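# Analysis of the macromolecular model
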Amino acid sequence: MGWNSYNCFGSAVHEDEVKANADYMAKNLKQYGWQYIVVDFLWAYDNPPGSNIGNPFQLRLQDGSYVPWLEMDSFGRLLPHVHKFPSAFNNNGFKPLSDYVHSLGLKFGIHVMRGIPRQAVWVKTPVLGANGITADMIADTSSTCPWMNHMYGLDMNKKGAQEYLNSILNLYASWGVDFIKVDDISRPYHKAEIEGYSKAIAQCGRLMVLSISPGATPVADSSHVKQYANMWRMADDFWDNWKEILAMMHYAKQWESVGEEGHYPDCDMMQIGKLSKRGPVGAERYSRFTTDELYTHMNFWCIYKSPLFIGGNLPENRDLELALETNQEAIKVNQEGLHPRQVYEQNGSSVWMSRMPNSKDIYVALFNISDSALKVPVSFQSLGLKGKVIVRDLWQHKDVGTFTNTYSPTINPHGSMLLRISIKHKLPQ
């Protein structure tokens, strides 16, 4: 559970904005389980004043050099740009910002692109920990990202490739990084490099979450990704469009029953709050989801046990956003529910469930995915329950009644309910 800078600041987030979001989380959200503060992509790039560009392609000048030039040390490891992160001055890296986040009782994370900077390959930087090996000797120059050309992939069969990954993870560990999101690694699915990042984390001496993206991680590789990654994207970038919620439900169905403790299919960042302040998609705005859609968004991410990363700028939260992010009963479904699965989807209704640990109680989410008000029924037999049950509405924080066989509330279009269903025990005579 945490916050990620991408959806509100694109590549152009600044240190003071990261701190402001950390301050807000520490004051308002930490007690509900929110803890990670993640700086997303291009922190090594100097966004000029007013720049919203999120993927500036590197070009070669007449002498073969690259522009824009990214901040990089003598071992080919990217560094945060001091214009955006002033505390990184004098080779401090992200250590001062990480220390600040940790001082609030939170955890710190960063986004990285798969591979090695092409500018490191051009200048043949030495690989730390691999005597005589330089960047050009381990790069796979045929393996590039189609939407950002700053990096080459690594040929993990080459001596020095694993040592390079070890060197960057050791650097991140020295900064106090708790979470890395590795991009451009799962479409196509780069097995050897995923294993390489996992091994590099294991040797760095610091616990870190390994998140991989973008989406379309192959379901056929579910055993592999579950072994080496902690979270993996199921789909491309998710934004505040109702059709994308419907699509995410279908992706989630494909990954049903794959996740387990510490290893989760990822529905992507949550489009709640103030978005696109500095890009990357559309004009600055509060989420385009209606109130009903926002609750459906939250309810599905919770019932499915997706990692919860807020995309909106936290200091601009209104009462609505704060309410969505601070419902302890809903968050408990996300954090404690077991074995989420779809009960059914038909006639404009979709029902999902998960099990409460050490209990016969069941969490149930009812979704009206149609465009008009609708009764969304759930039969208790389909949940494995018999007799009378007590239904509790987790957003209203109250029991709505005792029912037999079926519960069938009318729900607004694109709306939902998040419930806890308990067997009603007979009182002793």
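Basis of the calculations
Residues numbered from 1 in each chain as written. Predicted model: local features only at pLDDT ≥ 70, side-chain atom pairs only at ≥ 80, totals over all residues. Heavy atoms only, no water. Pairing = 2+ DSSP bridges. Helix = DSSP H or I, 4+ residues; strand = E, 2+ residues; numbered from the N terminus. Contact = heavy atoms within 4.5 Å. Axes fitted to C-alpha atoms, helices over the stretch in contact; angles between N-to-C directions. Parallel < 35°, antiparallel > 145°, perpendicular 65-115°, else oblique. Left-handed = near helix turned anticlockwise from the far one by under 90°. Nonpolar A, V, L, I, M, F, W, Y, C, P; charged D, E, K, R; others polar.

For the rest of this paragraph, the subject is the sheet that holds strand 15 (residues 309-310). An order of 12-11-10-9-5-2-1-15 is seen for the eight strands of this open sheet, with the pairing classed as parallel. Across the chains shown, the open sheet's two edge strands, defined by having one partner strand only, are strand 12 (264-266) and strand 15. The sheet contact formed by strand 1 (residues 2-4) and strand 15 spans two bridges and is parallel. The residue of strand 15 that forms the bridge with Gly2 is Phe309. Seen against the sheet, helix 2 (residues 15-29) touches strand 1, strand 2 (36-39) and strand 15 and runs at an angle of roughly 165° to strand 2. Strands in contact with helix 3 (residues 95-103) are strand 2 and strand 5 (107-113); relative to strand 5, the strand with the most contacts, it is inclined by about 140°.

Below, the discussion takes up the packing of helix 9 (residues 242-254) against helix 10 (residues 291-303). In contact at an axis separation of 11 Å, helix 9 and helix 10 are set at 15° when each is read in the N-to-C sense. The angle between helix 9 and helix 10 falls in the class roughly parallel. For the pair helix 9 and helix 10, the crossing hand works out as left-handed. Facing helix 9, whose interface residues are Trp242, Ile245, Met248, Met249 and Ala252, helix 10 presents Glu293, Thr296, His297, Phe300 and Trp301. Class assignment of the residues belonging to the contact of helix 9 with helix 10 gives a composition of seven nonpolar, two polar and one charged.

What follows covers the packing of helix 10 against helix 12 (residues 328-336). Where helix 10 meets helix 12, the closest approach of the two axes is 7 Å, and the angle between their N-to-C directions is 35°. Contacts between helix 10 and helix 12 involve Met298, Trp301, Cys302 and Ile303 from the first element and Ala330, Ile331, Val333 and Asn334 from the second. Residues belonging to the contact of helix 10 with helix 12 are distributed by class as follows: seven nonpolar, one polar and no charged.

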